[in-house]
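Each chain, letter by letter, is given below.
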Amino acid sequence: MAELGQGQGLGQGGPAALSCCSYNQDRTSLAIGTTTGYKLFSLSSVEHLDQVHESNEIPDVYIVERLFSSSLVVVVSHAKPQQMNVYHFKKGTEICNYSYSSNILSIRLNRQRLIVCLEESIYIHNIKDMKLLKTIMDTPPNATGLCALSINHANSYLAYPGSATSGEIALYDGNTLKTACTIPAHDGPLAALTFNSTGSKLASASEKGTVIRVFSIPGGQKLYEFRRGMKRYVNISSLVFSMDSQFLCASSNTETVHIFKLEHLTDSRPEEPPTWSGYMGKMFQAATNYLPAQVSGMINQDRAFATVRLNTSGQRNVCALSTIQKLPRLLVTTSDGHLYIYNLDPQDGGECVLIKKHSLLGSGKTEENKENDLQPPVPQSYAATVARQSTVPSTSTMPGYSEDGGALRGEVIPEHEFATGPVCLDDENEFPPIILCRGGQPGRAKRS
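In what follows, the accompanying structure is described.

Quick word on the sheet that holds strand 19 (residues 201–206)
- Strand order in the open sheet formed by four strands is 18-19-20-21, with antiparallel pairing between adjacent strands. If you trace the sheet from one side to the other, it starts and ends with strand 18 (190–195) and strand 21 (222–227), each paired once. The mean inter-strand angle of the sheet, taken between neighbouring strand axes irrespective of direction, is 20°.
- By the bridge criterion, five bridges tie strand 18 to strand 19 in an arrangement that is antiparallel. Bridge assignment links Leu-190 to a residue of strand 19, and that residue is Ser-206.

In structure tokens, the structure reads:
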């Protein structure tokens, strides 16, 4: 899930400045936060940007996350930066809110887990009932809230910095609630992390921003290494796979967006025509056998498969690779409140072509029904995985739970408050039911 939020604000001033934005897990929806509230858009069409919801109840929103195309949305405001609010936006009701010991820096969602990242701790909630399962305490200082959660609920891998001074990645299994491994990814501190859609690959970049590496999960073996440039260091602001894991997109504070293609080169490739460039390429390849490892590795690294030259440089942006109307597209949301849609040639790459520009800060007509009609069918595997329940099982019979809400000795339990009545988010087939009132009794829950 690509996003910009706390520590990476997009605000540009004005009555409705764009303070944050995020794409949902399957890149079918865009959420933006402003000084006046938040908006949700459907990304089902190139020509038309359909606003599906707008809320002005909470001002100064700096985190807004939607769970796939469901009616669940999580919001954090500068007015209460230590409080997470979970809403059923179609019913206009609050499901619950949690308060933490320090400011919330980022939030990640999939159909099993909700992750709340603070500067030195991470909270893992069960998304079915928002119960706290685990608190990872004393994580290395993480001022930007950098973390990534696999959208595949079958594994729910969580990645976050394992060090504040080096590029070590800590990999955690969000389902078993156990550490999986650590990956020595870079020499310098991490700046970006992202999983592919299945949770089988993890991409990372350091604060230098010159090299992007892709690792296998959960083993941590390095699979790919891409170099986006050697001339200058950049701040990688967005790193995201395509849903089919064939492409990896990286954007930064420069004017260029790079798209890399993940493909295996084999010796069975057709023979290249006898050209001067082909001859020199073979000479360089042969020369690498006699060069130090660090030098030969640099020469062998792949260049960008496709690129985009943005009109502005230094402006923060967040990107996504999506399929819209059956064609691959690159989406770029910029800090001045615009969404740019580019065509991506999946065969030849090259310079992507701008085909549409949308304004995100203007007033839009709500078209919830249209969005629902255009949503692709939900895979049946998820319905089999998460069966709806008419009552809340007791904590003693639910695997992965404990009577103390998953808290272990020394952990700080967030304060939380549930809505005044039972609200079950069962209006969308792909969404797990959230049953709020434990024991079937409405009202506030006690502190965990």
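Structure's up, so let's keep going.
Let's talk about the state of the cysteines
- A complete count under the given rule lists zero disulfides for this structure.
- Here Cys-21 stays free of any disulfide, with the sulfur of Cys-20 as its closest cysteine sulfur at 7.0 Å.
- Free cysteine Cys-352: the closest other cysteine sulfur is in Cys-249, separated by 8.3 Å.
- For Cys-352, a relative accessible area of 7% translates into the label buried.

Concerning the sheet that holds strand 23 (residues 247–252)
- A sheet is described by the order of its strands in space; here five strands give the open sequence 22-23-24-25-29, paired in mixed fashion. Each end of this open sheet is capped by a strand with a single partner; those strands are strand 22 (236–241) and strand 29 (350–351).
- Examined bridge by bridge, strand 22 and strand 23 share five bridges and lie antiparallel to one another. Bridge assignment links Ile-236 to a residue of strand 23, and that residue is Ser-252.

Conventions we followed
Residues numbered from 1 in each chain as written. Predicted model: local features only at pLDDT ≥ 70, side-chain atom pairs only at ≥ 80, totals over all residues. Heavy atoms only, no water. Pairing = 2+ DSSP bridges. Helix = DSSP H or I, 4+ residues; strand = E, 2+ residues; numbered from the N terminus. Axes fitted to C-alpha atoms, helices over the stretch in contact; angles between N-to-C directions. Disulfide = S-S within 2.5 Å. Buried < 20%, exposed > 50% of the residue type's maximum accessible area, 1.4 Å probe, protein only.

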